[in-house]
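# Overview (structure and organization)
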Amino acid sequence: MSQAIVVMGVSGSGKSTIGTLLAAAVPGAVFIDADDLHPAANKTMMAAGIPLTDQDREPWLHTCAVTVAAERAAGRPVVLACSALRRRYRDLLTAGAGPLHFVHLRAGTELLTDRLTARQGHFMPAGLLNSQLETLEELEPDETGIVVDVHAAPAEVVQRLLARWDRRQPSASLPPGA
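## Re the confidence of the model for the protein
A residue-level look at the protein finds 84% of positions with pLDDT of 70 or above and a mean pLDDT of 84. The least confident element of the protein is helix α5 (residues 109–118), whose mean pLDDT is 72; the most confident is strand β2 (residues 30–33), at 97.

## Examining helix α4 (residues 87–97)
Listing the buried residues of α4 in full gives Arg87, Tyr89, Arg90, Leu93 and Ala97. Down the axis, α4 shows its buried residues gathered within 160° of arc, on one side only. Where α4 ends, the next residue or the one after it, Gly98, has phi of about 95°, a positive value.

## Let's talk about the sheet that holds β2
Strands sit in the order β2-β3-β1-β4-β5 across an open sheet of five strands; the sheet is parallel. Looking along the sheet, the strands with just one partner apiece sit at the ends: β2 and β5 (145–149). Neighbour-to-neighbour, the strand axes of this sheet turn through a mean angle of 20°, independent of strand direction. As paired strands, strand β1 (residues 4–8) and strand β3 (residues 78–81) are joined by four bridges and run parallel to one another. When the sheet's bridge partners are listed, Ala4 is paired in β3 with Val78. Set on the sheet, helix α1 (residues 15–25) makes contact with β1, β2, β3 and β4 (101–106); between it and β2 the angle comes to about 170°. Helix α3 (residues 54–73) rests against β1, β2 and β3 of the sheet, and its axis sits at about 165° to β3.

## A few points about the nonpolar core
Of all hydrophobic cores here, the largest spans 41 residues; its most connected members are Val6, Val68, Leu80, Cys82, Leu93 and Leu100. Elements that contribute at least two residues to this core include exactly β1, α1, α3, β3, α4, β4, β5 and α7 (154–168). Among residues more than four places away in sequence, those in contact with Leu100 are Ala4, Val6, Val68, Arg72, Leu93, Thr94 and Thr144.

Here is what the cut-offs are and how they apply
All residue numbers here refer to positions counted from 1 along the written sequence of the relevant chain. Residues qualify for local features only when their pLDDT is at least 70, as the model is predicted, and side-chain atom pairs are given and counted only at 80 or more; totals for whole chains, interfaces and linings, by contrast, use all residues. Hydrogen atoms and water are omitted, and side-chain values are computed over all heavy atoms in the structure. The pLDDT value expresses, per residue, how confident the predictor is, ranging between 0 and 100. By the criteria applied, helices consist of DSSP H or I runs no shorter than four residues and strands consist of E runs no shorter than two, each listed in order from the N terminus. Remark: exposure states derive from per-residue accessible area (1.4 Å probe, protein chains only) relative to the maximum for the residue type, with buried under 20%, exposed over 50%, and partly exposed in between. The directions from the helix axis to the C-beta atoms form the arc being described. Pairs of strands are assigned from DSSP output, requiring at least two bridges between the strands. Think of each axis as a best-fit line through the C-alpha atoms, taken over the contacting stretch in the case of a helix, with angles from 0 to 180 degrees between the N-to-C directions. Any two residues whose heavy atoms approach within 4.5 Å are treated as being in contact. We define the nonpolar core as a collection of buried residues of types Ala, Val, Leu, Ile, Met, Phe, Trp, Tyr and Cys that are connected through side-chain atoms lying within 4.5 Å of one another.

Written out as structure tokens, the structure is:
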């Protein structure tokens, strides 16, 4: 089974940008943006400033897991950009997709607010940032993953991520393709 990485964090942390760059650095990797897998009802709620409940998120997380599992079964490494804010959500993803490596993108509230305010054409308004920060549960010691600060340029963040991964797992590059 091919490896899978979940680039996680609150809105504005750079999941899609970092995930796309990371997937490009992994030979044969497929990039999946979990935002594209949200049902229309979830997007409508968020656009209206209504935070999603666990009940709203569960079918979406299941779709994400099934999508990742299908790519892995086809032998392709996967990078999924997904908020995965709670441990429960990460466990649902892992249960459906198999072992996952998590990359938690972390930034200060000011940077996140600036990014969300400047972003155009996205259904997630800046007004839901506080809700996401309140929901966020840090990676726990038994979860496979690392935390990366995203205050630098995206290419630099990915280079630091790759370097940290190589130091953490010296026998393998990020991540092995099979």
